[in-house]
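One-letter residues, chain by chain:
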Amino acid sequence: MEAEIDRLRQLSLVVHVIGGRPSRGELCHMMQACFQDELHRIVDIQFLGRGCYHVEFSVADMVMKLLRLGSTRINGNLLHFLQWEHGFDLNVVSEQLSHYFVFSVMFPAL
């Protein structure tokens with residue numbers, strides 16, 4: 001059990017999406033389009049609830065790259081990359097990120 005938790009800690013992260021509720025396949029395609037061929041290493045995506053997804057990779061270097069990036073905007077959605085830990089609490093993430101929101105500004109005369 002401890003070995004599996006350590007493996008998941010190294011190879012996975014939590015993606016919190018603000019601005020939409022993509023399916024697992026849509027999230028995978030959005031991330032692949034943004035990060036090109038680097039994300040062919042996605043092993044699995046599971047919806048956790050409240051806009052959070054558990055994303056597992058086949059190599060740890062992609063996890064580290066996304067955690068260093070912190071967040072990015074893709075197709076009008078804001079994606080936050082968070083470290084996955086055993087016992088991950090959705091309530092804590094929702095509370096911490098509740099002050100973020102996505103909006104669009106339109107200038108019709110331009």
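Refer to the preceding data block for the structure.
So, here's what we can say about the structure. Predicted model only: the values in this text are computed from it and were never measured.

### What about helix α3 (residues 60–69)?
Okay, step 1: Residues of α3 that are buried include every one of Met62, Val63 and Leu66, and no others. Projected onto a plane normal to the axis of α3, the buried residues spread over an arc of 100° and lie on a single side.
Okay, step 2: Tucked into the core, α3 has its buried residues touching α1 (2–11), β1 (12–18), α2 (24–35), β3 (52–57) and β5 (77–83).
Okay, step 3: Positive phi shows up at Gly70, right after α3, with a value of about 85°.

### Comments concerning the nonpolar core
Okay, step 1: Judged by nonpolar contacts, the single largest core of 19 residues is most densely connected at Val15, Leu27, Val55, Phe57 and Leu79.
Okay, step 2: Listed by contribution, the elements that provide at least two residues to this core are β1, α2, β2 (42–49), β3, α3 and β5.
Okay, step 3: At 5 residues, the largest contribution of residues to this core is made by α2.
Okay, step 4: Counting residues in each nonpolar core, the second largest holds 6 residues, with Leu8, Val14, Trp84 and Leu90 among its members.

### Description of the environment of Leu66
Okay, step 1: Of note, Leu66 is situated in helix α3.
Okay, step 2: Judged by relative accessible area, Leu66 falls into the buried class, the value being 0%.
Okay, step 3: Considering only alpha carbons, one finds Leu66 and Phe35, 31 residues apart in sequence, at a separation of 9.9 Å.
Okay, step 4: Not counting residues up to four positions away in its chain, the partners in contact with Leu66 are Leu13, Met31, Phe35, Phe57 and Phe81.

### Let's talk about the pattern of salt bridges
Okay, step 1: Applying the stated criterion across every chain, the model contains 5 salt bridges.
Okay, step 2: In this structure, the salt-bridge partner of Arg9 is Asp6, at a minimum N-O distance of 2.9 Å. With a gap of 3 residues between them, Arg9 and Asp6 both fall in helix α1, about one helical turn apart.
Okay, step 3: Residue class for Arg9 comes out partly exposed when judged on its relative accessible area of 29%.
Okay, step 4: Several salt bridges share partner residues, and in doing so they unite Glu4, Arg7 and Glu56 into one network.

### Focus on the sheet that holds β5
Okay, step 1: Here 5 strands make up an open sheet; going across it, the order is β2-β3-β1-β5-β4 and the pairing antiparallel. In this open sheet, the two strands that pair with only one neighbour each are β2 and β4 (71–74). Ignoring strand direction, the axes of neighbouring strands in this sheet form an average angle of 25°.
Okay, step 2: Where β2 lies against β3, 6 bridges are found, and the strand directions are antiparallel. Residue pairing across strands places Asp44 opposite Glu56, the latter belonging to β3.

What counts and what doesn't
- Residues numbered from 1 in each chain as written.
- Predicted model: local features only at pLDDT ≥ 70, side-chain atom pairs only at ≥ 80, totals over all residues.
- Heavy atoms only, no water.
- Buried < 20%, exposed > 50% of the residue type's maximum accessible area, 1.4 Å probe, protein only.
- Helix = DSSP H or I, 4+ residues; strand = E, 2+ residues; numbered from the N terminus.
- Arc of directions from axis to C-beta.
- Contact = heavy atoms within 4.5 Å.
- Core = buried A, V, L, I, M, F, W, Y, C linked by side-chain atoms within 4.5 Å.
- Salt bridge = Lys/Arg side-chain N within 4 Å of Asp/Glu carboxyl O.
- Pairing = 2+ DSSP bridges.
- Axes fitted to C-alpha atoms, helices over the stretch in contact; angles between N-to-C directions.

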